[in-house]
Amino acid sequence: MGRKSGTKTTLFFLLISLISLLAFAPVFAPLPSFSSHYSLSPRHRHHHHRKVVTSTVAVKPRSFEIDDDKFWKDGEFFRIIGGDLHYFRVLPQASLYLFYWEDRLVRAKALGLNTIQTYVPWNLHEPQPGKLVFEGIADLVSFLKLCHKLDILVMLRPGPYICGEWDLGGFPAWLLAIEPPLKLRSSDPAYLRLVCFAMTLLVMMILFIYYTFDIYGGDFKWWTKELHFVLLVISVVDNWWGILLPKVAPFLYNNGGPIIMVQFSMKVIILQIENEFGSYGDDKAYLHHLVKLAQGHLGDGIILYTTDGGSRENLEKGTIRGDAVFSTVDFTTGDDPWPIFKLQKEFNAPGKSPPLSSEFYTGWLTHWGEKNAKTGADFTASALEKILSQNGSAVLYMVHGGTNFGFYNGANTGVDESDYKPDITSYDYDAPISESGDVENAKFNALRRVIELHTAASLPSVPSDNGKMGYGPIQLQKTAFLFDLLDNINPADVVESENPLSMESVGQMFGFLLYVSEYTPKDDKSVLLIPEVHDRAQVFTLCHSEDNSRRPTRVGSIDRLSSKKLGLPNAKCASNISLFVLVENQGHVNYGPYMFDKKGILSSVFLDGSILHGWKMIPIPFHNLNEVPKINLIIEAAHSRFITVSTQREFKDKSGNVSEVPAFFTGHFFIENANQIHDTFISFSGWGKGIAVVNDFNIGRYWPSYGPQCNLYVPAPILRHGENVLVILELESPSPELVIHSVDHPDFTCGSSKSSVHQL
């Protein structure tokens, strides 16, 4: 029956799609090719490059072009030796007259790089619909100005999908909260009327082809869920790019700025929903629309490029044949690059395929619970030599990784959706410039030697490593229990529903959401079942009629990897028992087929086999990288009175052990002199799991019990002369000594994980 119903639906899709294609045919007019950008033939163009200016004032035109399978900058052959450095993973502020954006860029130049590649994460700049942020760490314009000042070219990757081990691949999580189709028009009505409707119907027709040929087993529910997200992206991309691209247009190379190329992210379709839309050719109409959109804002002279894995299958899925978009490749470090560059030429127009590895991997990412990823210095340098020795170009991914501050780390999945792998806070990536900016290491030196051999000009001198300082032990005190501070939450922010709602549906895009319900106790133990929870839930119960019972007691945890069942103790309670489920969003999946990764409780909750109804959802407000909540629990915890001795006793269970109840701990450390302000690391060895905030800046998540990361990086600009305040939310098991140490080095040896060197 399901198959029959699905066939009727797809036939309906086909009918309206064919009608729409006739009605909106002009929308899909072919785009101008690269050859139309440059009116001269290749031979004439070379003559133009070397044109002699006879006027009394010689004005050298700025141009960056592709011809004869080479890059040409201002008429001269140019090779891209670049590296990824993400402005949103490095603090822009200064410390002791050292600006950290500039510091990292200067070190990249000392390595021999002439180009920086960076993503633009949409969710950082528009954390809420219509709320635009381009200040502080999100000040893209200032970053581009700085690159220009330092004479560094830029390859810009504006998304809207970036992957990059960043939360939801750069998509704003509020996209997951909009229910199609009624709310689609609220984002950009003009575009929806003129373009999006036609695109919607075209995608429907493509999905009809998928479904008719039984691709993915005819799972109607599965692919319609993906369709909803695609239609939503279509409806808002124009609006977002209409904001972003005019900001970067003045920085194009031909306009006097540093940007030489802009990545046309067909991954908005191809990678963000993996293979569904990359394995057919009819999606090219939508991709052409994105090209046309980019050219409309940036002009026809800009070089648009794509990045795809260096296999025929990936290039077939991810490129537009011809010369509208320059197709680049990436591949495993250590692979023979030249057969892949030869394949790359098949997907570019003749003469338009300079060999470029736009992601040359210097290291790799690390998930919680894994060994810290390392790659050999000589191995990496040897692989780069194979590219540069034959005039190939490469962009190091990463040249400097930086840090996933706040809640912005991404996640991956394995064999299925439950095989969830969140990224650690550090994005060091084993890059030649470390997370804290260090360059006195074997990998930096080995890569610099190779680059120096293939660079005509002498390289800048290498700066010394910045100073680090350990400020010693920091004594903490419990200042507040999480549940006690919830009384300060505005009741208007609490959402009630018969069944649990996702975090995004109640406006909580990051961090934590508390679900509250109640049940009637029985004589024997009850069994709680939550079939689908993203990502990690701590379960608590509270009997209000018990004497001196003021806060919940922890029962256990449920996560995506563990059993979904949990036994609930049934105390002799004269009233109903309150059930609290604190769910942590550990990072939206940023890559693969399970990117539609809503957070929170995503199913019914069952108690002894029956659905438990009647829920309140209480958002837990915390400071994120670019958002300050109306109620900041960290500030409240920092300024709370230290918990009294009697309350400390309540914090212990009957066995005398510290209860696993989420609580805030606050400590202070002092920096006597301004010249003693240096980078430091906070060591969480002996603690459980939580988040840490220094001087009201969210430095990220810690989880030493799972590893491998023990210490969180604290850049000097966060610190200040005099008193510094550390506040942590410990979710599970505080160290009995209640001491944390400020040290002068990173550490990735916690948990059962150990660092290991491997070859990619």
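Residues numbered from 1 in each chain as written. Predicted model: local features only at pLDDT ≥ 70, side-chain atom pairs only at ≥ 80, totals over all residues. Heavy atoms only, no water.

Taking an unreviewed UniProt entry as the reference, the protein chain is identified by name as Beta-galactosidase belonging to Populus tomentosa. Taken directly from UniProt, the Sequence similarities (unreviewed entry) text for the protein chain runs: "Belongs to the glycosyl hydrolase 35 family." (UniProt positions renumbered as here; feature names shortened; annotations may be inferred.)

> Could you clarify how one ought to interpret the state of the cysteines in this entry?
In protein chemistry, a disulfide is the covalent bond that joins the sulfur atoms of two cysteines. Evaluation of the coordinates by the stated rule reveals 2 disulfides. Residue pairing for C543: its cysteine sulfur links by disulfide to C573, the two sulfurs lying 1.9 Å apart. Taking the sign of the S-S torsion, 95° for the link of C543 and C573, the bridge is right-handed. You can see C543 sitting in strand 22 (residues 536-543) and its partner C573 sitting in the loop between strand 24 (565-568) and strand 25 (577-584), a full 30 residues away along the chain. Taking relative accessible area as the criterion, C543 reaches 6% and is therefore assigned buried. Bridging C710 to C750, the disulfide has an S-S length of 2.1 Å. Between C710 and C750, the S-S torsion sits near 130°, and that sign places the bridge as right-handed. Of the two residues, C710 sits in the loop between strand 33 (697-702) and strand 34 (711-714) while C750 sits in the loop between strand 36 (739-743) and strand 37 (756-757), which places them 40 residues apart along the sequence. You can call C710 buried: its relative accessible area is 2%. Judged by relative accessible area, C750 falls into the buried class, the value being 10%. Each bonded cysteine of the protein chain gets a number by its place in the sequence, and the pairs then read 1-2, 3-4. (Disulfide = S-S within 2.5 Å. Helix = DSSP H or I, 4+ residues; strand = E, 2+ residues; numbered from the N terminus. Buried < 20%, exposed > 50% of the residue type's maximum accessible area, 1.4 Å probe, protein only.)

> Is there a simple way to explain helix 6 (residues 140-149) in this structure?
Given 3.6 residues per helical turn, the α-helix brings residues three or four places apart onto the same face. Listing the buried residues of helix 6 in full gives L140, F143, L144, L146 and C147. Angularly, the buried residues of helix 6 cover 160° about the axis, an arc narrow enough to put them on a single face. Positive backbone phi, at 60°, marks D151, one or two positions downstream of helix 6. (Arc of directions from axis to C-beta.)

> Explanation requested: the sheet that holds strand 27 (residues 606-607) in the structure shown.
Consider a sheet: its strands pair through backbone hydrogen bonds, and that pairing is either parallel or antiparallel. Read from one edge to the other, the open sheet built from 4 strands follows the order 24-20-27-28, with strand pairing classed as antiparallel. Each edge of the open sheet carries a strand with a single partner, namely strand 24 and strand 28 (610-611). Bridge count between strand 27 and strand 28: 2 bridges; the pairing is antiparallel. By the bridge assignment, L607 is partnered in strand 28 with S610. (Pairing = 2+ DSSP bridges.)

> Could you clarify how one ought to interpret helix 4 (residues 100-111) in this entry?
Taking 1.5 Å of rise per residue, the 12 residues of helix 4 would be expected to cover 16 Å, and the 17 Å separating its terminal C-alpha atoms lies within 8% of that figure. Counted residue by residue, helix 4 has 9 buried out of 12 residues, so it is predominantly covered. When we look at burial in helix 4, the residues that qualify are Y100, W101, D103, R104, L105, R107, A108, A110 and L111. Taken from the residues just after helix 4, G112 is the one with a positive phi, measuring 110°. (Expected span 1.5 Å × (residues − 1).)

> Would you mind going over the packing of helix 12 (residues 377-388) against helix 13 (residues 442-453) with me for this structure?
Two packed helices can be described by the angle between their axes and the distance between those axes. Two numbers describe how helix 12 lies on helix 13: the axes approach to 9 Å, and their chain directions differ by 20°. With respect to helix 13, the element helix 12 is oriented roughly parallel. Like other packed secondary-structure pairs, helix 12 and helix 13 cross with a definite hand, here right-handed. Residues A377, D378, T380, A381, L384, E385 and L388 of helix 12 pack against A442, K443, A446, L447, V450 and I451 of helix 13. The residue makeup of the contact of helix 12 with helix 13, split by class, is 9 nonpolar, 1 polar and 3 charged. (Axes fitted to C-alpha atoms, helices over the stretch in contact; angles between N-to-C directions. Parallel < 35°, antiparallel > 145°, perpendicular 65-115°, else oblique. Left-handed = near helix turned anticlockwise from the far one by under 90°. Contact = heavy atoms within 4.5 Å. Nonpolar A, V, L, I, M, F, W, Y, C, P; charged D, E, K, R; others polar.)

> What's the story with the pattern of salt bridges in this structure? I'm lost.
Side-chain pairs of opposite charge can arise where the charged atoms are in close proximity. Tallying each qualifying case throughout the model produces 20 salt bridges. Residue E732 is joined to R536 by a salt bridge in which the shortest nitrogen-to-oxygen separation is 2.5 Å. In this pair, E732 is assigned in the loop between strand 35 (722-730) and strand 36 and R536 in strand 22, connecting sequence segments 196 residues apart. The exposure class assigned to E732 is buried, which follows from its relative accessible area of 11%. On the basis of relative accessible area, R536 is assigned to the buried category, the value being 13%. R560 is the partner of D597 in a salt bridge, and the nearest nitrogen-oxygen pair spans 3.0 Å. One end of the pair, D597, is in the loop between strand 25 and strand 26 (600-601); the other, R560, is in the loop between strand 23 (553-559) and strand 24, with 37 residues separating them in the sequence. Within the structure, one salt-bridge network assembled from shared partners comprises D535, R560, D597 and K599. (Salt bridge = Lys/Arg side-chain N within 4 Å of Asp/Glu carboxyl O.)

> What is the right way to read the sheet that holds strand 19 (residues 512-519) from this model?
An order of 18-29-19-25-22-23 is seen for the 6 strands of this open sheet, with the pairing classed as antiparallel. In this open sheet, the two strands that pair with only one neighbour each are strand 18 (495-497) and strand 23. Taking the axes of each pair of neighbouring strands and ignoring which way they run, one obtains an average angle of 25° across the sheet. Where strand 19 and strand 25 come together, 8 bridges link them in antiparallel fashion. If you follow L513 over to strand 25, its bridge partner there is V583.

> For this particular structure, what's the right way to read the confidence of the model for the protein chain?
Low pLDDT means the predicted coordinates in that region are not meant to be read closely. For the protein chain, the mean per-residue pLDDT works out to 81, and 77% of the residues sit at or above 70. Predicted confidence is poor over residues 266-282, with pLDDT under 50, and the contacts of this stretch with residues over four places away or in other chains come to 63 contacts. Here residues 644-658 is a poorly scored stretch, pLDDT under 50, and it has 21 contacts once near neighbours within four places are set aside; other chains count. (pLDDT = per-residue confidence, 0-100.)

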